There are 2 protein chains.
Amino acid sequence: MLILHDYLPSGNGYKVRLLLHQLGIPFRLVEHDVVAGATRRPEFLALSPVGKIPVLQLQDGTVLSESGAILCYLAVDSVIWPAERLERAQTLQWLFFEQYSHEPHIAVARFLRMAPDDPRQADLPRLLDRGHAALAIMEQHLTGRRYFVGERYGLADIALYAYTHVAPEGGFDLEPYPWIRAWLELVRSEPGHVPIDWRPN
Amino acid sequence: MLILHDYLPSGNGYKVRLLLHQLGIPFRLVEHDVVAGATRRPEFLALSPVGKIPVLQLQDGTVLSESGAILCYLAVDSVIWPAERLERAQTLQWLFFEQYSHEPHIAVARFLRMAPDDPRQADLPRLLDRGHAALAIMEQHLTGRRYFVGERYGLADIALYAYTHVAPEGGFDLEPYPWIRAWLELVRSEPGHVPIDWRPN
């Protein structure tokens, strides 16, 4: 059985849990308390030197890190992976956008509220500015569209939903983004949708 | 013909130029002076709202951004794209690692030396710390290996070479990383290798 090393409040981990559930793939969840430093301990670094969750452990022990790579690995044999070359590239484009221009600001602003002793507290105004810049790009793209790629629910929606739907926990008001709010509703209504703190039985 | 919107000193752009050259794909280069703010101007944002190079414009006008997505789009029909599902995921893992844990520190430290008026100058010590953490992870992975994935030259090598080989320009001493230095030499010796400031005729 697949083993997922994860932390329930993590949007990066949630992406993988949501996809696994929607694809009906059974897995065992191993939880690590990121805020308490669990992913910086030698046992975890021996598993994955990058020291970040999620980490997917395959049946043969092989370990995969980086949520975007894990999503693609899991999706590749399923209907959620686009058949067309351009849509695959557009999916990857949004996965990279999420990791470079969205998560480092929107997720980190939220994390700083969970970790008040983190030395990055002074970065908050900059994180809010950049997070809103990412939301504005998403709003512009979604204007007149229902989903991010090919007008079908896909990995880009899963990846961007993870931290966008909890952006208010980081101090982001989503009121000025009506297309994002409509898209969040649509993602929530997908078959097999589960909330961020979902864990398998 | 493909059009690549790019900036010669950019490692992100270089990844795409290097791959296009090694795959023998002809393209037209359109240069934008990032340091002078060219990618923040309305004309560029109309092309690509994220406001970053590289941007690949396909024959039908479709635009792709994010260097990692462009690399995968271009490589997918070629021998450089692994045939095996796990190696594809491992390739993506390193592409995401590069964009999340490497480029934002190593490339930005280098950029700050080119742009002395950038308000992020105070971040330099933190960028150096985090950049060295990324280099240490690469060194550990390369120990006993020649390339990043499957012991063959691939997209992960191209993506990580781009900013690692110019890391000294950002203040990173590569002396403590013998496996990285051997790998840099190996990448440089690949057929069709060109330097970062290469442009097509």
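Predicted, not measured: the structure shown is a model, and the values here were computed from it.

Asks: If you had to explain the domain arrangement of chain A to someone new, which residues and values would you point to?
Replies: All names here are of chain A. We note that the domain assignment places domain 1 (2–75) and domain 2 (85–188) within chain A. Distance from the C-alpha centre of domain 1 to the C-alpha centre of domain 2: 20 Å. The interface of domain 1 with domain 2 comprises eleven residues on the first partner and eleven residues on the second. Counting only elements with at least two residues in the side of domain 1 that touches domain 2, the list comes to helix H1 (11–23) and helix H3 (67–75). The element best represented in the side of domain 1 that touches domain 2 is H1, accounting for six residues. Of the residues that constitute the side of domain 1 that touches domain 2, the class distribution is seven nonpolar, three polar and one charged.

Asks: Please set out the confidence of the model for chain A residue by residue, giving values where relevant.
Replies: Of all residues in chain A, 100% have pLDDT values of 70 or greater, and the mean over the chain is 96. Predicted complex metrics record ipTM = 0.97 and pTM = 0.97.

Asks: Please set out the relation of the copies chain B and chain A residue by residue, giving values where relevant.
Replies: Superposing chain B onto chain A takes a rotation of 180 degrees combined with a translation of 0.0 Å along the rotation axis, leaving an RMSD of 0.0 Å. Both copies of the chain, as the preceding transformation shows, are related through a two-fold rotation axis. Considering only C-alpha atoms, the residue of chain B closest to the rotation axis is tyrosine 100 of chain B, which sits at 3.1 Å. A share of 100% of the interface residues of chain B reappears at the interface of chain A, consistent with the copies meeting face to face through the same patch.

Asks: Can you explain helix H5 (residues 124–142) of chain B? Please cite residues and give values.
Replies: Residues and elements named next belong to chain B. Here H5 contains 19 residues, and its C-alpha end-to-end distance of 26 Å stays within 8% of the 27 Å for a straight helix at 1.5 Å per residue. Of the residues making up H5, those classed as buried are Leu127, Gly131, Ala134, Leu135, Met138, His141 and Leu142. Down the axis, H5 shows its buried residues gathered within 115 degrees of arc, on one side only. The exposed set on the far side of H5, more than 90 degrees from its buried face, consists of Pro125 and Asp129. Taken together, the buried residues of H5 touch helix H4 (85–114), helix H6 (155–164) and helix H7 (178–188). Following H5 by one or two positions, glycine 144 has its phi on the positive side, about 85 degrees.

Asks: So what's going on with the sheet that holds strand S2 (residues 27–31) of chain B? Which residues, and what values?
Replies: Residues and elements named next belong to chain B. If you trace the four strands from one edge of the open sheet to the other, you get S2-S1-S3-S4, paired in mixed fashion. Single-partner strands in this sheet number two, and they are S2 and strand S4 (63–65). On average, each strand axis in the sheet is inclined to that of its neighbour by 20 degrees, with strand direction left out of account. As paired elements, strand S3 (residues 55–57) and S4 share three bridges and run antiparallel to each other. Paired with glutamine 57 across the bridge in S4 is valine 63.

About the criteria used
Residues numbered from 1 in each chain as written. Chains lettered and ligands numbered in written order. Predicted model: local features only at pLDDT ≥ 70, side-chain atom pairs only at ≥ 80, totals over all residues. Domains from an automatic or database assignment. Contact = placed C-beta atoms within 7 Å. Helix = DSSP H or I, 4+ residues; strand = E, 2+ residues; numbered from the N terminus. Nonpolar A, V, L, I, M, F, W, Y, C, P; charged D, E, K, R; others polar. pLDDT = per-residue confidence, 0-100. Least-squares fit on C-alpha atoms with pLDDT ≥ 70 in both. Expected span 1.5 Å × (residues − 1). Buried ≥ 20, exposed ≤ 12 C-beta atoms within 10 Å, placed from the backbone. Arc of directions from axis to C-beta. Pairing = 2+ DSSP bridges. Axes fitted to C-alpha atoms, helices over the stretch in contact; angles between N-to-C directions.

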